Amino acid sequence: DKNAAHAFWDTQPVPKIDAQVEKSGPIEVKTLDDVRKEPLTLPALFEWVVLDVNDQVQLNDVYTLLNENYVEDDDNMFRFDYSIPFLKWALQPPHYLKDWHIGVRVKESKKLVAFISAIPATINVDKTDSVKMVEINFLCVHKKLREKRLAPVLIKEITRRVNLQNIWQAAYTAGIVLPKPVASCRYYHRSLNPKKLVECKFSSLPPRVSMSLLIKLNRVEENTKCPGIRPLTKADVPSATRLLAKYLSQYSLAPSMSEEEVWHWLAPQKNVMDCYVVVDPKTGEVTDMCSFYTLPSSVIGNPKHKTLKAAFSFYNIATSVPLVDLMADALHLAKKGDFDVFNCLDIFENSKFIKEHKFQPGDGNLQYYLYNYATQTKDPSAMGLVLL
Ligand SMILES: CCCCCCCCCCCCCC(=O)CSCCNC(=O)CCNC(=O)[C@H](O)C(C)(C)COP(=O)(O)OP(=O)(O)OC[C@H]1O[C@@H](n2cnc3c(N)ncnc32)[C@H](O)[C@@H]1OP(=O)(O)O
Ligand SMILES: CN(C)Cc1n[nH]c2ccc(-c3ccc(F)cc3OCCn3ccnc3)cc12
């Protein structure tokens, strides 16, 4: 309800839930002099730590905290299981700061009980403003320490450390409604391994549909449709960077990526990132690209299956082939890569293929947010940004 008190968020530079935005731009303007020099105070038993994700032991601590305590679906049947290589990749883009990988440990046992991260990103807002921001992700408090107001402390501390670098805006997404969504997006699932999805109770057999019929109904193309589609290589990066910049310029919220960033985010990496391109045979220019990342979920309390292998749609651009054909290839390649399900949001032009490719609606929303930046609420199709 619109009057619900947000004891923390009502103190933050974000629009009130029922605010009408006049003009776009920063909500508050501060200088380095306004920024606390010392860390926020934690409850007595806890200490701040910086996680060095180059140290296998510390990276494993982050993996275990998230594997056991991170995001679950509404029915608590699945929990995201970001892999160790995925977390290293997600946390170490070009120009990352170790200081922005913040943990809370129990002083006595050194057990990691909370985490929050920021990575640098240049975000274009409303196609006009290019804003130096951070992307906030992997906020997690151990299940045993929930509802003790620890999250606001983590958020204020990462805000402080980001402000110290003269950055005043952030982008983040969440499955819950907070003040105040920039866009409210829906997620969709395309079954690739219907038998396993039914056994995991991710999906159910429709009435009067046998398992063999369900398998047949979800069959994907035997071959690719796009001529010469192949994995992205480093040599493709200058052309792919130009194609991405041109494509993303049409969206109200989109990243601006250097060649170094394009290679970091789109370089094919087993069990992390799949990226395929179509190039003009004459010029070698990249004309089309599809990409999806690997994010498994633990299956909670299932006797037969421990994990669900999900592909999440990332950046897709079709200029020489229809988007529907490019995504047919993405589904084919994901099936070949042994994924059980292919997920996407109703952002970009994804609604063009969601119906035709037999995606089913998911059970919730993914809300997009900006911190300290007011702008009009957008349609999901105006979103051109994917957060992991
Ligand atoms: C300029 C730079 C700026 C950088 C910072 C930008 C902002 C970045 C913001 C972060 C972006 C993260 C993005 C991201 O990582 C992707 S969203 C995924 C977040 N993580 C999970 O859902 C994992 C499982 N849940 C937990 O670990 C805990 O439930 C968490 C830690 C979520 C909350 O711990 P808790 O023990 O359940 O709760 P208290 O400590 O008692 O705190 C309650 C207060 O926290 C507010 N809350 C709850 N969930 C939130 C969420 N997902 N975002 C923001 N705020 C959230 C809540 O509204 C309330 O405030 P209010 O009373 O005002 O309503
Ligand atoms: C984005 N990134 C910040 C992680 C994140 N946080 N909170 C979330 C809430 C929903 C989705 C999401 C996004 C796309 C999608 F196709 C399905 C999704 O969740 C299904 C429900 N679920 C949650 C865990 N296991 C299954 C991601 C997230």
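Reading the values: rules and limits
Chains are numbered independently. Their residues run from 1 in the order of the written sequence. The order in which chains are written sets their letters, starting at A; the order in which ligands are written sets their numbers, starting at 1. For this predicted model, a pLDDT threshold of at least 70 governs which residues receive local features, and a threshold of 80 or more governs which side-chain atom pairs are given and counted, while totals over whole chains, interfaces and linings are taken from all residues. Each side-chain value is derived from all of the structure's non-hydrogen atoms; neither hydrogens nor water enter the calculation. Strands are runs of DSSP state E lasting at least two residues, helices are runs of H or I lasting at least four, and both sets are numbered from the N terminus onward. Relative accessible area decides the class of each residue, using a 1.4 Å probe on protein chains only: under 20% of the type maximum gives buried, over 50% gives exposed, and in between gives partly exposed. We call two residues contacting when some pair of their heavy atoms lies within 4.5 Å. Two strands are said to pair when DSSP picks up at least two bridges between them. Each axis is a line fitted through C-alpha atoms, taken for helices only over the stretch in contact, and angles between the N-to-C directions span 0 to 180 degrees. To sort the angles, those under 35 degrees are grouped as roughly parallel, those over 145 as roughly antiparallel, those from 65 to 115 as roughly perpendicular, and the leftovers as oblique. Residues were grouped as follows: Ala, Val, Leu, Ile, Met, Phe, Trp, Tyr, Cys and Pro as nonpolar; Asp, Glu, Lys and Arg as charged; and all remaining residues, including Gly, as polar. For Phe, Tyr and Trp, rings pair up if their centres lie within 6.5 Å, where Trp contributes its six-membered ring, and each pair is then called stacked (planes under 30 degrees apart), edge-to-face (over 60) or tilted (otherwise). A ring is considered to have a charge above it if a Lys NZ or an Arg CZ atom is located within 6 Å of its centre and within 35 degrees of its normal. Note on terminology: near, applied to a residue and a molecule or strand, indicates that one of the residue's heavy atoms is within 4 Å of it. Definition of a polar contact: a pair of N or O atoms within 3.5 Å, with one able to donate and the other able to accept a hydrogen when the atoms are protein atoms, and with sequence-neighbouring residues admitted only if both atoms are side-chain atoms. The Shrake-Rupley method, run with a 1.4 Å probe sphere, supplies the accessible areas, and residue values consider only the shown protein chains as cover. By definition, pLDDT measures how confident the predictor is in each residue, and it falls between 0 and 100. What counts as a salt bridge is simple: a side-chain nitrogen of Lys or Arg found within 4 Å of a carboxyl oxygen of Asp or Glu.

Peer 1: Just give me the short version of the overall build of the protein, but keep the residues and values in it.
Peer 2: The secondary structure content of the protein amounts to 9 helices and 17 strands. Seen along its three principal axes, the alpha-carbon backbone of the protein occupies a region of about 60 × 50 × 45 Å. Relative to its full complement of 388 residues, the protein shows a buried share of 55%. The long-range fraction of contacts in the protein, counting pairs at least 24 apart against all pairs at least 6 apart in sequence, stands at 74%.

Peer 1: Quick rundown of the sheet that holds strand E2 (residues 78-80)? Include the residues and the values.
Peer 2: The strand order across the open sheet formed by 3 strands is E2-E12-E13, and the pairing between neighbours is antiparallel. Looking at strand neighbours, the two that pair on one side only are E2 and strand E13 (307-308), the edges of this open sheet. As judged from the 3 bridges shared by E2 and strand E12 (residues 297-299), these two strands associate in the antiparallel manner. Within E12, the position partnered with Phe80 by the bridge is Ser297. Docked against the sheet, helix H1 (residues 56-69) engages E2 and E12, running at close to 155 degrees with respect to E2.

Peer 1: Run through the packing of H1 against helix H2 (residues 84-91), naming residues and quoting values.
Peer 2: At a closest axis distance of 10 Å, the pairing of H1 and H2 adopts a crossing angle of 105 degrees. Judged by the angle between their axes, H1 and H2 are roughly perpendicular. Mapping the contact onto sequence places Gln56, Leu59, Asn60, Val62, Tyr63 and Leu66 in H1 and Ile84, Leu87 and Lys88 in H2. Split into classes, the residues belonging to the contact of H1 with H2 amount to 6 nonpolar, 2 polar and 1 charged.

Peer 1: Tell me about the packing of aromatic side chains, and name the residues and values.
Peer 2: For the structure shown, the criterion picks out 26 aromatic pairs. Relative to Phe202, the ring of Phe78 lies with its centre 5.6 Å away and its plane at 65 degrees, an arrangement referred to as edge-to-face. Separated by 124 residues along the polypeptide, Phe78 in strand E2 and Phe202 in the loop between helix H4 (194-199) and helix H5 (211-217) bring together distant segments of the chain. In this structure Phe78 comes out as buried when scored by relative accessible area, which is 9%. Classification of Phe202 by relative accessible area gives partly exposed; the value is 26%. Judged by centre distance (5.7 Å) and plane angle (55 degrees), the rings of Phe353 and Phe359 are tilted. We classify Phe353 as buried; its relative accessible area is 0%. In this arrangement the basic side chain of Arg161 is found over the ring face of Trp48, its NZ or CZ atom lying 6.0 Å from the centre. Cation over ring: Lys309 sits above Phe339, and NZ or CZ is 4.5 Å from the ring centre.

Peer 1: Break down the site of ligand 1 for me, with residues and values.
Peer 2: Taken together, 35 residues lie near ligand 1, and His6, Trp9, Leu139, Glu147 and Arg149 sit nearest. Within the backbone of Phe8, a nitrogen or oxygen atom sits 2.8 Å from an oxygen atom of ligand 1. The side chain of Arg149 places a nitrogen or oxygen atom 2.8 Å from an oxygen atom of ligand 1. For ligand 1, the protein covers 88% of the area, taking 1,200 Å² as the surface of the free molecule. Only strand E5 (129-141), helix H3 (150-163) and strand E6 (169-174) provide two or more residues apiece to the shell around ligand 1. A per-class count over the shell around ligand 1 returns 24 nonpolar, 7 polar and 4 charged.

Peer 1: Which residues make up the site of ligand 2, and what are the values?
Peer 2: Looking at ligand 2, there are 15 residues lining it, with Phe80, Thr173, Tyr187, Asn343 and Leu388 nearest. Leu388 has a polar backbone atom sitting 2.9 Å from a nitrogen atom of ligand 2. Protein contact buries 90% of the 580 Å² of open area that ligand 2 shows by itself. Per-class residue counts for the shell around ligand 2 are 8 nonpolar, 5 polar and 2 charged.

Peer 1: Describe in detail the packing of helix H6 (residues 237-248) against helix H7 (residues 259-266), supporting the description with residues and values.
Peer 2: The interhelical angle for the contact between H6 and H7, taken along N-to-C directions, is 95 degrees, at an axis separation of 9 Å. One element, H6, and the other, H7, form an angle in the roughly perpendicular class. For the pair H6 and H7, the contacting residues are Val237, Pro238, Thr241 and Leu244 in the first and Glu259, Val262, Trp263 and Leu266 in the second. Partitioned by chemical class, the residues of the contact of H6 with H7 number 6 nonpolar, 1 polar and 1 charged.

Peer 1: Quick rundown of the confidence of the model for the protein? Include the residues and the values.
Peer 2: When pLDDT drops low, the exact placement of atoms in the prediction is not to be read closely. Chain-level pLDDT for the protein is 97 on average; 99% of the residues reach the 70-or-more range. Under the prediction, the complex receives an ipTM of 0.99, its pTM being 0.98.

Peer 1: Describe the pattern of salt bridges, with residues and values.
Peer 2: Going through the model one piece at a time under the given rule, you end up with 16 salt bridges. Residues Glu38 and Arg36 are paired through a salt bridge, measuring 3.7 Å at the closest nitrogen-oxygen approach. Measuring nitrogen to oxygen at the nearest pair gives 2.7 Å for the salt bridge that ties Lys352 to Glu349. Assessed through its relative accessible area of 54%, Lys352 is described here as exposed. Members of the salt-bridge network, linked through shared partners, are Asp99, Glu157, Arg160 and Arg161.

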